[in-house]
Amino acid sequence: MSLTSFALRFAAPVPKVEQFDRFLFLGPHPDDIEIGAGATAAKLSAAGKQVTFLICMDGRYGLEHAPVGTTPEQLVEIRRDEAKASAKKLGVEDVRFLDLSDGGFYEFEELLQGVARVIAETQAQMILAPDPDVMSECHVDHRCVGECAKRLAFFAPFPEIMARYDAAPAPVGALAFYMAARPNRFVKTRGLLPRQMDAIFSCHQSQFPSGCGDAKSIALYLRLRSADYGLRTLSVSAEGFRVIGRTQMHCLPEADQ
């Protein structure tokens, strides 16, 4: 760590997730928010915070575990219902959909405009999205949603720029990446892992039918991740995020060290 980056941590610390009141969670597909940050969403909702889920892609090609004979069009409706039911278990009632095609078959400008409008409508103070800078991430939808979040988090307070997306400005003060390789902020989630698991595995049956190998692998991963981050926070369990405040969003490369 350079002397500049060390000093920056004290001069301009990154915000804490729970200090905000209005949150917009961006999910590339139904189930991503729950896997990446479901326990945190449940905690924020229980604390009376305004929490909105925006599912950007329709998940039409996630047919691996869907019932035999299911068409992509049918799966879109199934996954939409699953997403609503799952969010409700986490205490989240405001669930929205952009209905862009799974698999990268959309224009990035469509994604930007759709997300910008929801940022404006919710007046989000923090945006949460998958980390697009993780080297191992190969899914184009995850990377696109993360890049979209980066662009709009910075530009959200600028009326003239947001107007180009047919949206009003919003007071976004920070961006939090879930599924991050290098988290710098943690949310203690004691007692919330079972609720997160229930939201994923009892609702997203088209992706994680009972007894399937993927369900077992994800469940084990979540337990291990929760325990690992819990140790870092002297807690039983926690979720980690790579948080960027407005100070760190521009011209400060040392903030990433």
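Conventions adopted
- Residues numbered from 1 in each chain as written.
- Predicted model: local features only at pLDDT ≥ 70, side-chain atom pairs only at ≥ 80, totals over all residues.
- Heavy atoms only, no water.
- Helix = DSSP H or I, 4+ residues; strand = E, 2+ residues; numbered from the N terminus.
- Core = buried A, V, L, I, M, F, W, Y, C linked by side-chain atoms within 4.5 Å.
- Buried < 20%, exposed > 50% of the residue type's maximum accessible area, 1.4 Å probe, protein only.
- Contact = heavy atoms within 4.5 Å.
- Salt bridge = Lys/Arg side-chain N within 4 Å of Asp/Glu carboxyl O.
- Pairing = 2+ DSSP bridges.
- Axes fitted to C-alpha atoms, helices over the stretch in contact; angles between N-to-C directions.
- Expected span 1.5 Å × (residues − 1).
- Arc of directions from axis to C-beta.

Draft legend 1. Up close: the environment of Ala41. The topology assignment puts Ala41 in helix H2 (residues 32-46). Between the C-alpha atom of Ala41 and that of Met179, which follows or precedes it by 138 residues, the distance is 14 Å.

Draft legend 2. The nonpolar core, seen in detail. Formed by 33 residues in total, the largest nonpolar core has its most connected members in Leu26, Leu111, Val115, Ile119, Ile127 and Leu152. Going through the elements one at a time, strand S1 (22-27), strand S2 (50-57), helix H4 (108-122), strand S4 (126-130), helix H5 (140-155) and strand S5 (174-178) are the ones with two or more residues in this core. With seven residues, the single largest contributor to this core is H4. Among residues more than four places away in sequence, those in contact with Val115 are Leu26, Leu54, Cys56, Leu98, Cys148 and Leu152. Counting residues in hydrophobic clusters, the runner-up holds 30 residues, among them Ala37, Ala41, Val51 and Met126.

Draft legend 3. Layout of the environment of Gln125. By secondary structure assignment, the location of Gln125 is in the loop between H4 and S4. Measuring from C-alpha to C-alpha, the distance between Gln125 and Ala180 comes to 20 Å, with 55 residues separating the pair along the chain.

Draft legend 4. Structural detail: unusual backbone geometry. Phi is positive for Asp31, close to 100 degrees, though the residue is something other than glycine. Among the structural elements, Asp31 can be located in the loop between S1 and H2. Exposure remark for Asp31: the relative accessible area of 7% places this residue in the buried category.

Draft legend 5. Representation of the pattern of salt bridges. Following the criterion strictly, the structure yields 16 salt bridges and no others. The partner of Glu18 in a salt bridge is Lys43, and the shortest N-O contact between them spans 3.1 Å. With Glu18 in the loop between helix H1 (3-11) and S1 and Lys43 in helix H2, the pair connects residues that are 25 residues apart, well separated along the chain. Of the charged contacts in the structure, one is a salt bridge between Asp31 and Arg79, with a shortest N-O distance of 3.1 Å. Placement of the pair is Asp31 in the loop between S1 and H2 and Arg79 in helix H3 (residues 72-89), with a sequence separation of 48 residues.

Draft legend 6. Highlighting the side chain of Ser86. Locating Ser86 in the fold gives a position in helix H3. In contact with Ser86, other than residues within four places in its own chain, are Glu34, Ala199, Ile200, Cys203 and His204.

Draft legend 7. Geometry of the sheet that holds strand S6 (residues 185-188). Spatially, S3-S2-S1-S4-S5-S7-S6 is the arrangement adopted by the seven strands of the open sheet, whose pairing is mixed. Strands with a single pairing partner mark the edges of an open sheet, and in this sheet they are strand S3 (94-100) and S6. Taking each pair of neighbouring strands and ignoring which way they run, the sheet shows an average axis angle of 25 degrees. Taken together, the three bridges between S1 and S4 define a ladder with parallel strand orientation. Directly across from Phe23, in S4, lies its bridge partner Met126.

Draft legend 8. Up close: helix H8 (residues 213-232). Compared with an ideal rise of 1.5 Å per residue, which puts 20 residues at 28 Å, H8 spans 29 Å between its outermost C-alpha atoms and is within 8% of the ideal. The complete set of buried residues in H8 reads Ala215, Ala219, Leu222, Arg225, Ser226, Tyr229 and Gly230. Buried residues of H8 fall within an arc of 135 degrees about the axis and therefore sit on the same side. Exposed side chains of H8 directed beyond 90 degrees from the buried face belong to Lys216, Leu224 and Leu231. Looking at the buried residues of H8, the elements they touch are H2, S6, helix H7 (193-201) and strand S7 (238-245). Two residues or fewer past H8, Leu234 is found with a positive phi of approximately 55 degrees.

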